[in-house]
Each structure stands twice: as structure tokens, then as C-alpha cells.
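A closer look at the structure
Each chain, letter by letter, is given below.
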Amino acid sequence: MAPEPASSPSSSSSYTTGHPSVSIVIPAYNEESVIRQCVTAAIYQSAPALEIIVVDNMSKDSTAAIVRQMQAEYPEAGIRLLSQDLAQGLIPTRNFGLDAARGDILGRIDADSLLEPDWVEEVTKAFSDGSVQAATGPVVYYDMPMRRFGLKADDKVRQLMLKLAKHQYHFLFGSNMALRRGAWEIIRGEVCDDERDEMHEDIDLSLHLAEHQLRVQYWPNMVSGMSARRLEDSPRDYRYYVTRFDRTYKAHNVKKMALKAPMVVFFSIYYPAKLLRAIHTANTTTVKRGGI
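Residues numbered from 1 in each chain as written. Predicted model: local features only at pLDDT ≥ 70, side-chain atom pairs only at ≥ 80, totals over all residues. Heavy atoms only, no water.

Regarding the packing of aromatic side chains
Applied cut-off: Centres within 6.5 Å make a pair out of two Phe, Tyr or Trp rings, where for Trp the six-membered ring is used; the pair is then stacked when the planes are under 30 degrees apart, edge-to-face when over 60, and tilted otherwise. Helix and strand assignments come from DSSP, with helices taken as H or I runs of at least 4 residues and strands as E runs of at least 2, each series counted from the N terminus. Each residue is placed in one exposure class: buried if its accessible area under a 1.4 Å probe, protein chains only, is under 20% of its type's maximum, exposed if it is over 50%, and partly exposed if it falls in between.
Scanning the entire structure with this criterion turns up 6 aromatic pairs. On the numbers, 6.4 Å between centres and 45 degrees between planes, the contact of Phe 245 with Tyr 249 is tilted. Highlighted residues: Phe 245 and Tyr 249, both in helix α9 (residues 244-251), separated by 4 residues, approximately one helical turn. Taking relative accessible area as the criterion, Tyr 249 reaches 2% and is therefore assigned buried. Between Tyr 270 and Tyr 271, the ring centres sit 4.8 Å apart and the planes meet at 70 degrees, which makes this aromatic pair edge-to-face. Overall, Tyr 271 belongs to the exposed group, its relative accessible area being 55%.

Structural data, given as C-alpha cells:
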């Protein structure tokens, strides 16, 4: 199915001061509960994105209808709705969106991401150094308690990972990442299809960048919010998610033991974080009921 007609970004949505233009790509499958807030956060930026691309991957719910409504509500925002109906999955949907993006910098977030208001501005700062080919930053879990503490912890963990990898590998995070169009064009034909859905697609992307010695920058001020809904997975499903790290490394013949650290961290926090999320959800529900 051909992409739906794109909303043309207005002149106010592009940079005229020498800054690189930024596209925001959002793969989406059955995301009616979160897509409006995700796109809204992408719209209300201190420096506007050139375009906001939602790639609908054969959703069975009202995801596409919500985006169409937002196109009508925000005609100046450069919202584009594309349909990727050739294959089910995040990777082909991500690739479709990145291929269609028009910006100099291709941002990629998830449908449950909530960008901080200065995200686009910080992305342009991260790429002010011409040697930077990709960038990533920390996340804040907006549906967990102690959010700002969580942001600091996430930042520390990501910086620790960079040290453990001795700066040889620097991994992008799919909920909060961007790369130059030229870097994407270099690795586009090499990224793994992962038809069996066994790997972390953002780690795979990072390893392909590393193979070409394309520099990835960690930018702590490039912050995105994301949901902790992964904690709703059963222990078995959560374990499969975490061990995607190992399968991705094996696919690339990467054997650094230090890179297994994220697996240890994710395994160790599952039950405590799951409990905190349950308490937070219960308290939030109680407050909402009390306010009715």
C-alpha cells in the first residue's frame, strides 16, 4: 500500500539558521492508547522538527485514525502518516520510516515515548560536531515513582556501559536516538532483518555503525520519557526480552563479557521495579477515583 499523502511542513518547521533539519520517525502497531501523547510531545518543541512521521504497521485499532485527526488539528506541524503493510515487525517499519524521512538528522523514538520539550534542540547540539554520526540519551520512566531519580540512574548506567565497553561500542537506545542521513545510507543495506525477532534492533544498528567506525555520541541532555510497560511482561517473556542482548552479540560475533552488564542490571531490577510500578499504579488509580 502506498504511503498516504504527506502533510507538507510549513516554512516555520524547517531551520533557516544553518542548523540541520530533524525528522522524527515513530513506528507504530496498535498504539491507540499512547500515540496522541507521543505526537503531541513531538509537536511542542522549543525548536520544531522538520516533520513527524508515524509509520503504521497494519494496526488493528484506531492508531491511524488518531494520527489523521492530529494532521487536521495541527496542519503546520508536518505530521506524516505512512503505511507499512509489506511485513509485520518493528525493523521493516523502522526502515520504511527512516528511508522516507527528509531531514538531515533522522530521529527515532517509540510510540510510547514522550520527548522532553527541548529534545530537537538538544539533538541539533549533539550533532554540532561534524564527526558525530549518531546520538542517544537517557530516558525517564514517566509511569514509575521517583522519576527524576530514575532519570539520574538511567544516565549513570548508560555512562557506565560506555566505560565498560572501553568506548569501542556505544549503543543507541531505540526509544531515544538519532543518526545522520548519510550514516543511515551507509548501513541501510547491512542492518539485520531479524525475521525471527530474536535480537535488539537498536543494538544491531549500533554494531553496524561501529563496523564502519561511525561515531556514536552519548548526549545526557537529549532526554525522552518512556513507559515502563515492559514490566507488565511475565517473567518468562521478560527473560526473553533481556536475553536479546546475548543473541544480538552472537549474531555479530561480539564476545566482550563486559557488554553482558545490561543483562545483569535488567534481571536484577525486574521484581523490585515491578513492585514499585504496581504500587504507583494503585496509588494513581486511587487518587483519580478520589478526584471524581
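So, the pairing of strand β3 (residues 79-83)
Let me state the cut-off plainly: Note: two strands are recorded as paired if DSSP finds a minimum of 2 bridges between them. Whether a crossover is right-handed depends on one test, that the path from the first strand over the helix to the second runs clockwise when the strands point away from the viewer.
Among the 5 residues that make up β3, 5 are buried, leaving the element largely enclosed by the rest of the structure. Burial of the side chains of β3 extends over both faces: Ile 79, Leu 81 and Ser 83 are buried on one face and Arg 80 and Leu 82 on the other. Taken together, the 5 bridges between strand β2 (residues 51-56) and β3 define a ladder with parallel strand orientation. If you follow Val 55 over to β3, its bridge partner there is Leu 82. The handedness of the β2 to β3 crossover, carried by helix α2 (residues 63-73), is right-handed.

Structural notes on a nonpolar patch on the surface
Spelled out, the test is: For patches, a residue must show more than 30% relative accessible area and have no salt bridge; joins then use 9 Å for like charges and 5 Å for nonpolar side chains, namely Val, Leu, Ile, Met, Phe, Trp and Tyr. Throughout, the Shrake-Rupley method with a 1.4 Å probe supplies accessible areas, and for residues the shown protein chains are the sole cover considered. Salt bridge, as used here: a side-chain nitrogen of Lys or Arg that lies within 4 Å of a carboxyl oxygen of Asp or Glu.
A surface patch of nonpolar side chains, about 190 Å² in accessible area, is lined by Val 157, Val 265 and Ile 269. Among the secondary structure elements, Ile 269 is positioned in helix α10 (residues 261-290). Ile 269 gets classed as partly exposed once you look at its relative accessible area, which sits at 36%.

Things to note about the sheet that holds strand β5 (residues 114-115)
Strand order across the open sheet formed by 3 strands is β5-β10-β7, with mixed pairing between neighbours. Among the strands making up the open sheet, the edge pair consists of β5 and β7 (139-141).

Quick word on the pattern of salt bridges
Using the criterion set out here, one finds 15 salt bridges in the structure. A salt bridge links Glu 73 to Arg 36; the nearest nitrogen and oxygen atoms lie 3.1 Å apart. Of this pair, Glu 73 sits in helix α2 while Arg 36 sits in helix α1 (residues 35-43), and the two are 37 residues apart along the sequence. A salt bridge links Asp 112 to Arg 229, with the nearest nitrogen and oxygen atoms 3.0 Å apart.

A closer look at the packing of helix α7 (residues 201-211) against α9
For clarity, the cut-off: Interaxial angle, 0 to 180 degrees, is taken between N-to-C directions of lines fitted to C-alpha atoms, where a helix line uses only the stretch in contact. Roughly parallel means an angle under 35 degrees; roughly antiparallel, over 145; roughly perpendicular, 65 to 115; everything else is oblique. What makes a crossing left-handed is the near helix being turned counterclockwise from the far one by less than a right angle; a clockwise turn instead makes it right-handed. Every residue pair with non-hydrogen atoms within 4.5 Å of one another is taken to be in contact. Amino acids are sorted into nonpolar (Ala, Val, Leu, Ile, Met, Phe, Trp, Tyr, Cys and Pro), charged (Asp, Glu, Lys and Arg) and polar (every other residue, Gly among them).
Contact geometry for α7 and α9: axes closest at 9 Å, N-to-C directions at 30 degrees. Considering their axes alone, α7 and α9 lie roughly parallel with respect to each other. Crossing of α7 against α9: the hand is right-handed. Contacts from Ile 203, Asp 204 and Leu 207 in α7 reach Phe 245, Thr 248 and Tyr 249 in α9. Partitioned by chemical class, the residues of the contact of α7 with α9 number 4 nonpolar, 1 polar and 1 charged.

So, the packing of α1 against α2
Running from amino to carboxyl end, α1 crosses α2 at an angle of 30 degrees, the nearest separation of the two axes being 10 Å. Considering only the axes of α1 and α2, their crossing is right-handed. On the side of α1, the interface is formed by Ile 35, Arg 36, Val 39, Thr 40 and Ile 43, while α2 contributes Thr 63, Ile 66, Val 67, Gln 69, Met 70 and Glu 73. Within the contact of α1 with α2, the residues separate by chemical class into 6 nonpolar, 3 polar and 2 charged.

Some thoughts on helix α4 (residues 119-126)
Burial analysis of α4 places 6 of its 8 residues in the buried class, the great majority of the element. Looking at α4, one finds that the buried residues are Trp 119, Val 120, Glu 122, Val 123, Thr 124 and Ala 126. Check the buried side of α4 and you find it contacts β1 (22-28), β4 (105-108), β5, β6 (132-136) and β8 (177-180).

With respect to the sheet that holds β6
Taking strand neighbours across the sheet as the criterion, the 7 strands line up as β3-β2-β1-β4-β8-β6-β9 in an open arrangement whose pairing is mixed. A single partner strand is all that each edge strand has here, and the edge strands are β3 and β9 (215-218). Neighbour to neighbour, the strand axes of the sheet diverge by 25 degrees on average, direction disregarded. Here β6 pairs with β9 via 4 bridges, running parallel. Looking across to β9, one finds that Ala 135 is bridged to Gln 217.

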